[in-house]
Amino acid sequence: MTPRALSISAQLDRLASVRGFVRETAADAGCSDEVVDDLVQAVDESVTNVIEHGYMGRPGNVEVELECAPERVTIRIRDTAPPFDPTEVPTPDTTAPLAARRLGGMGVHLARVLTDEMRHRILPGGGNELTLIKALEGTRGGSDDGDRR
Amino acid sequence: MEIAAERLDDGAVVVLTLQGELDASNFEQLIDAAREAANEGARSLVLDLAGLSYMGSSGLVALHSAAMLMRGEEPPSVESGWSAFHQLGHEVNAPPEREPVTLVSPTPAVSRVLDRSGLSRIFPVHADRDAALGAVRDGR
């Protein structure tokens, strides 16, 4: 399937349109409801991080590209922000009591556990590209009876 | 996202009903609603999540902040920067107490976020509002 892409300005009020784009594209490709939910969340968290930690309030754009193949969905998130590599963010302790937890820091963890692979690279002309890959093995049914779980 | 507040037990308990999607663009609305409840004397917050179709990790920050507010603590403001958020958290040796935020009927998508972040083990989750209110009033 030809990749589909959406470009937004780096503003938090555009996150809903990103989620809508991912939801529609992944559902059109036949992903199960749970896979769609996972992809929506992984992208929402990653784009939120680009806006908050990459651009840090400065203007810019974020491009989200989805490529759906029978065995995997590949997502590329590109920006022109200063380098921000979420793969270096430490994994939080999800068993800690509330008082021992940092406030926040869970977004990268969610994007990581909801996908199978997360890669970051600095683009040749500057900016970041985050690649998220989710394997679809065993999650795609051949029937079209509406029950896609 | 829409938030409706209902004061019960002379304001000691406040039920917030959330509708829509909770993300980084609007999570401060929930913190503000919790702060308003705390300022009016609430010490327990019940969050009805049946109408919440999406919760990003910012929503988890809002839940954490709401619990602090119910205990009379002030969470750092977003204006003070994300570094302040991330610096919070310290070593604790005391066993965890019952958190003053109770969750009601989260949708499957929201349940998965709570599970994956470990917060479903911290905040009591009930299937309906009556069960949640019963548990809050009994101190369970």
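It should be noted that the structure appears before, not after, this text.
This is a predicted model, so every value here is computed, not measured.

*Asks:* Explain the overall build of chain A to me, please; I cannot follow it from the model alone.
*Replies:* Looking only at helices and strands, chain A features three helices and five strands. For chain A, the N- to C-terminal ordering of α and β elements is β-α-α-β-β-α-β-β. In terms of C-alpha radius of gyration, chain A reaches 16 Å, essentially the compact-globule figure of 15 Å for 149 residues. Seen along its three principal axes, the alpha-carbon backbone of chain A occupies a region of about 45 × 40 × 25 Å. Across the 149 residues in chain A, those meeting the buried criterion constitute 46%. A separation threshold of at least 6 residues defines the contact pool for chain A, and within that pool the share at least 24 residues apart is 63%. With the model as given, the accessible surface of chain A reaches about 6,900 Å², and the carbon-plus-sulfur share is 48%. The distance from the centre of the 17 positive side-chain charges to the centre of the 25 negative ones in chain A is 3 Å.

*Asks:* When you look at the environment of B:Ala38 in this model, what are you seeing that I'm missing?
*Replies:* All names here are of chain B. When you line up the elements, Ala-38 lands in helix α1 (residues 27-39). For the pair Ala-38 and Thr-107, spaced 69 residues apart in the sequence, the C-alpha separation amounts to 26 Å. Ala-38 has contacts with Arg-43, Leu-69 and Met-70, leaving out every residue within four places of it along the chain.

*Asks:* Would you mind going over helix α3 (residues 107-114) of chain A with me for this structure?
*Replies:* Every α-helix winds through 3.6 residues per turn, so residues three or four apart in the chain are directed the same way. A large share of α3(A) lies buried, amounting to six of its eight residues. Looking at the packing, one finds that the buried side of α3(A) touches α2 (33-55), β4 (117-122) and β5 (128-135) of chain A together with α2 (57-70) and α4 (108-117) of chain B.

*Asks:* Would you explain the pairing of strand β3 (residues 72-79) of chain A in this entry?
*Replies:* Consecutive side chains of a regular strand alternate in pointing toward one face of the sheet and then the other. Residue and element names in this part refer to chain A. Pairing between strand β2 (residues 61-68) and β3: seven bridges, direction antiparallel. From the neighbouring strand, Glu-63 faces β3, where its bridge partner is Arg-78. Counting the residues in the hairpin turn of β2 and β3 gives three residues. Bridge count between β3 and β5: eight bridges; the pairing is antiparallel.

*Asks:* For this particular structure, what's the right way to read the packing of helix α1 (residues 15-28) of chain A against α2(A)?
*Replies:* In a pair of packed helices, the angle between the axes and the distance between the axes together describe the arrangement. Residue and element names in this part refer to chain A. Between α1 and α2, the least distance of the axes is 9 Å, while the angle of their chain directions is 150 degrees. Compared by their axis directions, α1 and α2 come out roughly antiparallel. Remark: the crossing between α1 and α2 carries right-handed chirality. Residues Leu-15, Val-18, Arg-19, Val-22, Arg-23, Ala-26 and Ala-27 of α1 form the contact with α2, whose participating residues are Val-36, Leu-39, Val-40, Val-43, Asp-44, Val-47, Thr-48 and Ile-51. The residue inventory of the contact of α1 with α2, partitioned by class, reads 11 nonpolar, one polar and three charged.

What counts as what
- Residues numbered from 1 in each chain as written.
- Chains lettered and ligands numbered in written order.
- Predicted model: local features only at pLDDT ≥ 70, side-chain atom pairs only at ≥ 80, totals over all residues.
- Heavy atoms only, no water.
- Helix = DSSP H or I, 4+ residues; strand = E, 2+ residues; numbered from the N terminus.
- Rg over C-alpha atoms; globule rule 2.2 N^0.38 Å.
- Buried < 20%, exposed > 50% of the residue type's maximum accessible area, 1.4 Å probe, protein only.
- Contact = heavy atoms within 4.5 Å.
- Areas by Shrake-Rupley, 256 points an atom, 1.4 Å probe, with all protein chains shown as cover.
- Lys, Arg positive; Asp, Glu negative; His and termini not counted.
- Charge placed at Lys NZ, Arg CZ, Asp CG, Glu CD.
- Pairing = 2+ DSSP bridges.
- Axes fitted to C-alpha atoms, helices over the stretch in contact; angles between N-to-C directions.
- Parallel < 35°, antiparallel > 145°, perpendicular 65-115°, else oblique.
- Left-handed = near helix turned anticlockwise from the far one by under 90°.
- Nonpolar A, V, L, I, M, F, W, Y, C, P; charged D, E, K, R; others polar.

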